[in-house]
Each structure stands twice: as structure tokens, then as C-alpha cells.
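The residues making up each chain are set out below.
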Amino acid sequence: MTGVTIRGLGVSLPEEIRTNADLASMVETSHEWILTRTGIVERRIASATVATSDLALGAARQALANAGVEAEEIDLIIVATVTPDMLFPATGCLVQEALGARRAASFDLEAACSGFLYGVSVGAQFIRTGTYRRVLVIGAETLSRIVDWSDRSTCVLFGDGAGAAVLEPAPEGEGLLGVVLGADGGHADLISQPAGGSRRPASLETVLQGEHTIRMNGREVFRLAVPAMVRASEQVLAQAGLRVADVDLFVPHQANARIIDAVGERLGIERERVFLNIERYGNISSASIPVSLYDAETGGRLRPGDLVLTAAFGAGLTWAAAVWRWTGATGQDRALSRVRSLLEPGTWES
Ligand code: ACO
């Protein structure tokens, strides 16, 4: 049992929907512009009383239920987010308390849109070394809180939501087959929330100048995102001894449908093998990949045994790719995959 798999997935998406038409009444934009330039039709917006930890908690509870795991059985909680409830304490600790995961260690991880795959990579190391048996990795965001709603170049892109995954040991060759991480801090200025940290502490001036909202050079991010996601995807496939032709489904970070098209094209993955849900959620950063995996499985696009390629890119800059032999994570075939893992010789004691 030196493998690691996602045993259960869960999501939490706010009910409120903000359409492109809603945005067109707020800033100088149109449904046509947003759809053709990004692929987005609508996004979810958290109500005023809901914070990132609330969305994370909802996703975590569903992931635990789908994994058939109790909160007390979780050893570690990693929350990937750029929109924590507070700068400190960690949102992960708030989730740990609300979940009743008394045995779990917990911390936040900040790698923007690549955060979920970074979290999976970290969690998988703990499982592989035998330090922990069950790691809960959550990607959760309330980006609507840090969007400048008067800036049409960014406010149309982002949304709120959370996705969570319970990682567990699995037989070698099942679940996570490889992961590649990367970063380039030389482009840190391309996407940032400039104030509120130690460099630019919150002040009247930072508030008046709107420095607590997202600043982004979209065109440059676009230019760098495509080759980085392609390279990471090729590297992770090569690392696992696989080829693009082996991939049943490509589940990329959902930032822009044109980025996804360009990455798919360069990799040689035709549209039928690419998963898209950006039209419904926009860019939900660290939540994008787990929500997409959940939607892909519950929508019948992803089945146990399928080879899945995931890739992300975001602020930092950061990027990541992972390749999986899918074992079922939303209840559909979970019982079967669990029985198989328990029958495997050398199974860990619970
Ligand atoms: N409605 C109408 N017009 C707009 C809008 C809008 N919402 N936004 C920008 N425009 C205008 C611009 O002002 C510009 O007008 P101009 O030519 O008169 O100056 C024109 O449209 C073209 O602007 P570009 O920025 O060149 O448009 P582009 O085709 O690059 O699309 C976009 C912009 C959608 C932001 C794209 O660059 C993109 O998706 N970039 C990647 C962003 C991303 O992936 N971020 C992920 C990381 S986020 C994270 O890590 C948290």
C-alpha cells in the first residue's frame, strides 16, 4: 500500500448566482464579451455571513461522508486558499474545530489556483511515509470578497466555492500516479492582493487606493499559463511512464476556456477528453480542481479505472500537474473500491 488515492470528494457552492447580465449592469461589459473571452456564463457568490471556512466545512463534511470516514479519523487537514477567514489563525484550524477532527493537525497552504494540487502533493508525502493515514485536503475560496467590483477586467472572472478530498493509502498503481509542482516568483507582481500583509499593512491609504483587491495583468498571465500547464502535464505523464494518448479525461484548472483550449491543443488532447465547468462557476482558484473532479464523476465523465490528468496555474506564479488512476470518490463506486483496498495484502490497520 504505497499508493495514495482520493477516497471521498465533496463540494460546497453558494446558492446565489451572479450572471454575466448582472455584471453588465454593474460595469461596462456584456454577456457576449465575457462568454467569448472567458467561457464564463455565471458564478456563485457567498452571502455576507458566509466565510471561506464555512464553505470549506460543507465540502469537508460531504467528502468525509463519501469516503465513509469519521472526523476523528482524520490525521491532517490542509486548507489551500488565498482568501482565508483571517490572516491568522489558519482557516484549517477553524475547520478542524467545526468538523470535530480532534486528532488532526492543521495548516493553510497558499499556492493560489495551484493550491489544491500542492496540498495533495504534501498530503500524499505524509501518507507514503506512513506518518498519517487520512489527510483532508480542501480548496476553498470567497474571491468575491477581494474582487474590485468596479474593475471589469477582473470582476467578471472570479467566483466562490469549495472542494474537499479525503486522501488515503491505496494499492500501488491506483490513485495518484505522479505529481509535478513548479513556481516562478519572478512574476509575483502579475497577480496579487497588494496590501494587508507586512509589506503594505492595512491603512486608510491602502483602503482608499483599493489595494486590498485583486490586481492582475491578465494578458501576461494568459501568455505564461499555457506553456507552464503544457510543460507540467508532459512532465507528470513522462514521470509516470504514460502518454497523452493514455489520458481518458483532462481536468484543468478552470480560469479561462481559451487557456484550456490552447493547453488541450498543444498537448494534443481533443475537446471530447477535456472537462469544462467554467461556464457555471468562473475561476474559483484552489477549489476549481476538486469541484471539477466531483462534477466530472457525478456527471458520468469520470469512472473508476479512468486515467485522469489534472493541471493548474495561478498567482505566485505557481503551477502543478497530477495524473491519477481514478478509484471513485463520490459514492458511485466507492463501496467497491473500498472493499478492494481492504482486501489488498498489507492493508494498514485502521
Ligand atoms: N468587458 C468588456 N471589455 C473588457 C473587459 C470586460 N469585462 N475586460 C477587459 N476588457 C477590454 C480591455 O479594456 C481591452 O480594451 P482595449 O483594447 O480598448 O484596451 C480589451 O477588452 C482587451 O483586453 P485584454 O486584457 O487584452 O483581453 P484578453 O483577451 O486578454 O482577456 C482576460 C482578458 C479574460 C483577463 C484574459 O487575459 C485572461 O483570462 N487572463 C488569464 C487570467 C487568469 O488565468 N488568472 C488566473 C490566475 S488567478 C489566481 O491565481 C487567483
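Residue positions are counted from 1 within each chain, in the order its sequence is given. In view of the model being predicted, local features appear only for residues whose pLDDT reaches at least 70, and side-chain atom pairs are presented and counted only at 80 or more, with totals across whole chains, interfaces and linings using the full set of residues. Based on all heavy atoms of the structure, the side-chain values leave hydrogens and waters out of the count.

With respect to helix α9 (residues 257-267)
So, point 1. Buried residues of α9: Ala 257, Ile 259, Ile 260, Val 263, Gly 264 and Leu 267, and no others. Projected down its long axis, α9 shows its buried positions confined to an angular sector of 155°, all on one face. Facing away from the buried side of α9 by more than 90 degrees, the exposed set consists of Glu 265 and Arg 266.
So, point 2. Note on contacts: a residue pair qualifies if any of its non-hydrogen atoms lie within 4.5 Å across the two residues. Per the convention used, a helix needs a DSSP run of H or I reaching at least four residues, while a strand needs a run of E reaching at least two, with both numbered from the N terminus. Check the buried side of α9 and you find it contacts α2 (31-38), α8 (218-239), β11 (249-252), α10 (278-281) and β12 (307-314).
So, point 3. The opening residue of α9, the one whose side-chain oxygen lies 2.7 Å from the backbone nitrogen of Arg 258, is Asn 256.
So, point 4. With its phi angle positive at about 85°, Gly 268 sits one or two positions after the end of α9. To sort residues, take the accessible area from a 1.4 Å probe on protein chains only and compare it with the maximum for the residue type: under 20% means buried, over 50% means exposed, and anything in between is partly exposed. The reported arc concerns the directions from the helix axis to the C-beta atoms and nothing else. Between N or O atoms, a polar contact is any pair within 3.5 Å; within protein, one atom must be a potential hydrogen donor and the other a potential acceptor, and residues adjacent in sequence are included only when both atoms are from side chains.

Brief notes about the packing of helix α3 (residues 52-67) against helix α4 (residues 91-99)
So, point 1. Working convention: axes come from line fits to C-alpha atoms, limited for helices to the stretch in contact. Angles between N-to-C directions cover 0 to 180 degrees. Running from N to C, α3 and α4 point in directions that differ by 50°, and their axes come no closer than 9 Å. The orientation of α3 relative to α4 falls into the category oblique. In terms of crossing hand, the pair formed by α3 and α4 is right-handed. Packed against α3, whose contacting residues are Thr 52, Ser 53, Ala 56, Leu 57, Ala 60, Arg 61 and Leu 64, the element α4 presents Thr 91, Leu 94, Val 95, Ala 98 and Leu 99 at the interface.
So, point 2. For the contact of α3 with α4, a count of residues per class yields eight nonpolar, three polar and one charged. Here the word oblique covers every angle except those under 35 degrees (roughly parallel), over 145 (roughly antiparallel) and from 65 to 115 (roughly perpendicular). Two helices that cross are described as forming a left-handed crossing if the nearer one is turned anticlockwise from the farther one by less than a right angle, and a right-handed crossing if clockwise. Any residue outside Ala, Val, Leu, Ile, Met, Phe, Trp, Tyr, Cys, Pro, Asp, Glu, Lys and Arg is labelled polar, Gly included; the first ten of those are nonpolar and the last four are charged.

Digging into the packing of α8 against α9
So, point 1. α9 packs onto α8 with a crossing angle of 40° between their chain directions and a minimal axis gap of 9 Å. By the angle class used here, α8 and α9 are oblique. Like other packed secondary-structure pairs, α8 and α9 cross with a definite hand, here right-handed. Contacts between α8 and α9 pair Phe 222, Ala 225, Val 226, Pro 227, Met 229, Val 230, Ser 233 and Glu 234 from the former with Arg 258, Ile 259, Ala 262, Val 263, Arg 266 and Leu 267 from the latter.
So, point 2. Tallied by class, residues from the contact of α8 with α9 come to 10 nonpolar, one polar and three charged.

Section: the site of the ligand
So, point 1. Neighbouring the ligand are 26 residues; Thr 29, Arg 37, Arg 219, Asn 256 and Arg 258 lie closest to it.
So, point 2. Arg 219 is positioned with one of its side-chain polar atoms (N or O) 2.6 Å from an oxygen atom of the ligand.
So, point 3. Between the ligand and Asn 256 there is a distance of 2.6 Å, counted from an oxygen atom to a side-chain nitrogen or oxygen.
So, point 4. Looking at the shell around the ligand, the element that brings in the most residues is α8, giving four residues.
So, point 5. In this document the domain limits rely on a domain assignment from an automatic tool or a database. Counting contributing residues, the shell around the ligand receives three or more from each of domain 1 (3-176) and domain 2 (177-328). Working definition: residue near molecule or strand if any one of its non-hydrogen atoms lies within 4 Å of it.

Notes on the packing of aromatic side chains
So, point 1. Only the six-membered ring of Trp is used, alongside the rings of Phe and Tyr, when aromatic pairs are assigned; centres must lie within 6.5 Å, and planes under 30 degrees apart are stacked while those over 60 apart are edge-to-face, with the rest tilted. Counted according to the given criterion, the structure contains two aromatic pairs.
So, point 2. A centroid spacing of 5.0 Å and a plane angle of 40° characterise the contact between Phe 126 and Tyr 132, whose relative ring orientation is tilted.
So, point 3. Ring geometry for Trp 324 against Trp 326: centres 6.3 Å apart, planes inclined by 75°, an arrangement best described as edge-to-face. Assigned by exposure class, Trp 324 and Trp 326 land together as buried.

A closer look at the pairing of β11
So, point 1. Here β11 shows two buried faces, one formed by Leu 249 and Val 251 and the other by Phe 250 and Pro 252.
So, point 2. Both β11 and β12 contribute to a ladder of four bridges, which runs parallel. Note on β12: the bridge partner recorded for Pro 252 is Ala 311. Think of it this way: DSSP has to see at least two bridges between two strands before they count as a pair.

Quick notes on the environment of Ile 289
So, point 1. Tracing the chain through its elements places Ile 289 in helix α11 (residues 288-298).
So, point 2. Spatially, the C-alpha atom of Ile 289 lies 36 Å from that of Glu 205, the residues being 84 residues apart in sequence.
So, point 3. Those residues within four positions of Ile 289 in sequence are excluded, and the remaining contacts are Phe 116, Leu 117, Val 251, Pro 252, His 253, Thr 310, Ala 311 and Ala 312.

Quick word on the pairing of strand β4 (residues 76-80)
So, point 1. Burial analysis of β4 places five of its five residues in the buried class, which makes it a mostly covered element.
So, point 2. Neither face of β4 is left uncovered, since the one carrying Leu 76, Ile 78 and Ala 80 and the one carrying Ile 77 and Val 79 both have all their residues buried.
So, point 3. The sheet contact formed by β4 and strand β5 (residues 105-109) spans five bridges and is parallel. In the strand pairing of β5, Ala 80 is matched with Leu 109.
So, point 4. Here the term right-handed applies to a crossover when the path leading from its first strand over the helix to its second strand runs clockwise, the strands being oriented away from the viewer. For the crossover from β4 across α4 to β5, the handedness is right-handed.
So, point 5. Bridge count between β4 and strand β6 (residues 135-142): five bridges; the pairing is parallel.

Quick look at the side chain of Asn 277
So, point 1. Mapped onto the fold, Asn 277 is located in the loop between α9 and α10.
So, point 2. With relative accessibility at 2%, the residue Asn 277 sits in the buried group.
So, point 3. Excluding residues within four positions of it along the chain, Asn 277 makes contact with Gln 254, Val 291, Ser 292 and Asp 295.

Geometry only, nothing functional implied.
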